[in-house]
Amino acid sequence: MPQSAQAAPPSALHAARCRHAVRQGLKLLAVVVLAVVVGVSVLDQRRVSQRNVRSHVFSSSHPPGHARREETEARKANKAAGDAAFADDDDDDDDDDDDDDDDEQMERAPMPWPTPRPTPAPRPATAPPTHRPTPRPAPRPAGPEEECFALQATHGVKPAMTWGTLDRNPSSFRRWKELGCGGVVERAANAAADAAADAAREVCPKSADPKPLIAVCSGTTTRQKGGWITPRPGHLEDLAAFQYLLPSFKRTAECGFRYLVVLAYDVGDQFWDRGDGVARARAWFEASIATPLAAANMDVELRFVKVDNAVKKPGPVFAAMTRAAYAAWKADYIYRVNDDTEFKTKWARPFVNALASMGNVGAVGPLCRQGNTAILTHDFTHRTHMDIFDGAYYPPELSDWWMDDWITGVYGSLRTLMGDRVEVIHHTGKHGQRYAVDFAHEKLVKQLIAAGHARVESFVAARDAPPPGNPPPSFRRFRLKSHGGFQRRRRLRAAGRDSVS
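A quick note: this is a predicted structure, and the numbers were derived from the prediction, not measured. Residue positions within a chain follow its written sequence, with the count starting from 1. Where totals are concerned, whole chains, interfaces and linings use all residues; where local detail is concerned, this predicted model gives features only for residues with pLDDT of at least 70, and gives and counts side-chain atom pairs only at 80 or more. Derived side-chain values reflect all non-hydrogen atoms in the structure, with water molecules and hydrogen atoms excluded from consideration.

Q: In this structure, what is going on with the nonpolar core? I would like to understand it.
A: In these notes, a set of buried Ala, Val, Leu, Ile, Met, Phe, Trp, Tyr and Cys residues joined through side-chain atoms within 4.5 Å is what counts as a nonpolar core. Residue exposure (1.4 Å probe, protein chains only): buried if accessible area is under 20% of the type maximum, exposed if over 50%, otherwise partly exposed. Grouped together as the largest cluster of nonpolar side chains are 48 residues, with contacts concentrated most on I214, F249, Y259, W272, F343, W347 and F380. In this description a helix means any DSSP run of H or I spanning at least four residues, a strand means any run of E spanning at least two, and both kinds are numbered starting from the N terminus. Counting residues per element, this core draws most heavily on helix 8 (residues 277-295), at six residues. The contact criterion used throughout is that any non-hydrogen atoms of two residues lie within 4.5 Å. The residues touching W347, leaving out its near neighbours within four places in the chain, are I214, V216, F249, T252, E254, Y259, Y335, F380 and V422. Core analysis: the next-biggest nonpolar cluster, separate from the first, contains 42 residues, A215, V262, A324 and V456 among them.

If you want it as structure tokens, here you go:
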């Protein structure tokens, strides 16, 4: 057997295999190192590219070739590292010619450098996401007046007519009262009504003929339950007469008449008698009422009556002021109202015409929705009324509620008229009830009506007066038919709510 065909000894075969395993391990290590180097090179290229972009965009101080030089140097370094990794440190290639040939081919093979990736374009700047603002609650009105008007609009309040939804919302209703919104809203409405009335007021023609004198008579007091009402300096509208009665009188006065406004107050009243109320009222009336009406050729005067009213009831005050209007100032007509009454429509000519239809014997009055519409809660009479009853407007036996019941029934159905288109508003909520009711007087009403009606019939018969004619349009005849009506009226008043104010 030839020498080359003989089997190699076991020790030589083992050594060859070991050398082969070492070569394979070195090759694997070289591949790993190459991969790491390639990754580092790629990262360097990306950083260089980004730096070039930034230097181009932001005008960096580096020259344009700086990035290329760095890239060339990095490639040279990577080439040297790859050559070192693939160098074979073992020169004994005689044992395995195939392996030596493979190693020589590997060493001569070019380095697989990765193709440089194109530089990514910079991402366009994006606007930050738009955040919708969280809706905030509506700001609270700046002042009390603005808050009052906001409450009025929200709840649909109409002063002296309806609370809208306000009385069903306790917190809003309490706030309305705290701010005194009734007065705020009403003053704004009155100011607008005053401006409109001033602009539309007719100028009365001048005439030498005497004009009938109408006395508008009202009691007034600053006494109320719990103490006295003290108006603030410069705020006479804190009193109902200056907020409702007198301004509305100016708005509704009409040509063809002279006017006398009579205010009666108690002896000892803290504002009217012991204070400077009379002087302040005269100055206010002259500037706010008399002067504007004089410019329209209307004559109006303010008078006061001080009453020694020991019982502190309306009856003595009404008796004193109407007697003064009749006897001292010779009024042709007397209109008995309250200091918290507001005139909504013109009234003088409709009332005078209504009385004339009855030969000036009777009583007429306006529609008042805030009281008992089955009676006259405000009454207008000719001076003939005082002639019939010897200068007493109401029976002196009555001092409070039942005076208007009496005048509604005393003339009978033919001589008692209500004007459905002549309206007043009674603002009882301004000061509340300022006297105690004597319910014992209710027993007197029926017999006092009967006695008074007999006097009316006697007066008419003595003058041989014709029967009443048909009432003017929008006036209707009525009277309280039975004493049971007074009982209904008492229940209505006891359960009634204050007017919206």
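Q: What should I look at first to understand the pattern of salt bridges in this one?
A: A side chain with one charge can pair with a side chain of the opposite charge if their charged atoms come near. Any Lys or Arg side-chain nitrogen located within 4 Å of an Asp or Glu carboxyl oxygen qualifies as a salt bridge. What the rule picks out here adds up to 13 salt bridges. A single salt-bridge network, built from bridges that share partners, covers E147, R175 and E178.

Q: I would appreciate a short explanation of the state of the cysteines in the present structure.
A: Structurally, a disulfide amounts to a covalent bond that connects the sulfur atoms of two cysteines. In what follows, a disulfide is any cysteine sulfur pair within 2.5 Å. Within this structure, the stated rule accounts for two disulfides. In this model C148 forms its disulfide with C181; the gap between the sulfur atoms is 2.1 Å. On the sign convention where negative means left-handed, the S-S torsion of about -75° between C148 and C181 marks this disulfide as left-handed. Here C148, found in helix 4 (residues 144-155), pairs with C181, found in helix 6 (residues 181-200); they are 33 residues apart in sequence, far enough to count as distant. Each member of the pair, C148 together with C181, is buried. Across the disulfide, C204 is cross-linked to C255 (sulfur-sulfur distance 2.0 Å). Of note, the bridge from C204 to C255 carries an S-S torsion of about -90° and is left-handed in sense. Remark: C255 occurs in the loop between helix 7 (240-252) and strand 4 (258-266) and C204 occurs in the loop between helix 6 and strand 1 (213-219); sequence separation between them is 51 residues.

Q: So what exactly am I meant to see when it comes to the packing of helix 7 against helix 8 here?
A: Between two packed helices, the angle of one axis relative to the other and the distance separating the axes together describe the packing. To obtain each axis, a line is fitted to C-alpha atoms, and for helices this fit is confined to the stretch in contact; angles are then taken between N-to-C directions over 0 to 180 degrees. Running from N to C, helix 7 and helix 8 point in directions that differ by 25°, and their axes come no closer than 9 Å. Judged by the angle between their axes, helix 7 and helix 8 are roughly parallel. You can see that helix 7 and helix 8 cross each other, and the crossing is right-handed. Between helix 7, through F242, L246, P247, F249 and K250, and helix 8, the contact on the second element is made entirely by A281, W284, F285, S288, I289, P292 and L293. A per-class count over the contact of helix 7 with helix 8 returns ten nonpolar, one polar and one charged. Note on terminology: angles under 35 degrees are roughly parallel, angles over 145 are roughly antiparallel, angles of 65 to 115 are roughly perpendicular, and the others are oblique. By convention, the crossing between two helices is left-handed when the near helix turns anticlockwise from the far helix through less than a right angle, and right-handed when the turn is clockwise. Classification convention: Asp, Glu, Lys, Arg as charged; Ala, Val, Leu, Ile, Met, Phe, Trp, Tyr, Cys, Pro as nonpolar; all other residues, Gly among them, as polar.

Q: What is the right way to look at the side chain of S172 in this model?
A: Examined against the element boundaries, S172 turns out to sit in helix 5 (residues 170-179). Within the structure, S172 has its side chain in polar contact with the side chain of H155 (distance 3.3 Å). Look past the residues within four positions of S172 in its chain and what remains in contact with it is L151, H155 and L166. Polar contact is the term for a pair of N or O atoms within 3.5 Å; when the atoms are in protein, one must be able to donate a hydrogen and the other to accept it, and sequence-neighboring residues count only if both atoms are side-chain atoms.

Q: I would appreciate a short explanation of a nonpolar patch on the surface in the present structure.
A: Patches here: salt-bridge-free residues with over 30% relative accessible area, like charges joined within 9 Å, nonpolar side chains (Val, Leu, Ile, Met, Phe, Trp, Tyr) joined within 5 Å. Accessibility throughout is a Shrake-Rupley quantity obtained with a 1.4 Å probe, and a residue counts as covered only by protein chains that appear here. Nonpolar side chains collect at one region of the surface, where V22, L26, L29 and V33 lie side by side and expose about 330 Å² of accessible area between them. Following the sequence through the fold, V22 ends up in helix 1 (residues 10-58).

Q: Even after reading the chapter, I still don't get unusual backbone geometry, so can you show me in this structure?
A: What you tend to see is this: most non-glycine residues have negative phi, and most peptide bonds are trans. Phi at N360 is positive, roughly 60°, even though this residue is not glycine. Examined against the element boundaries, N360 turns out to sit in the loop between helix 10 (348-356) and strand 8 (363-368). Located in the positive-phi region is S474, a residue other than glycine, with phi close to 75°. Overall, S474 belongs to the partly exposed group, its relative accessible area being 24%.

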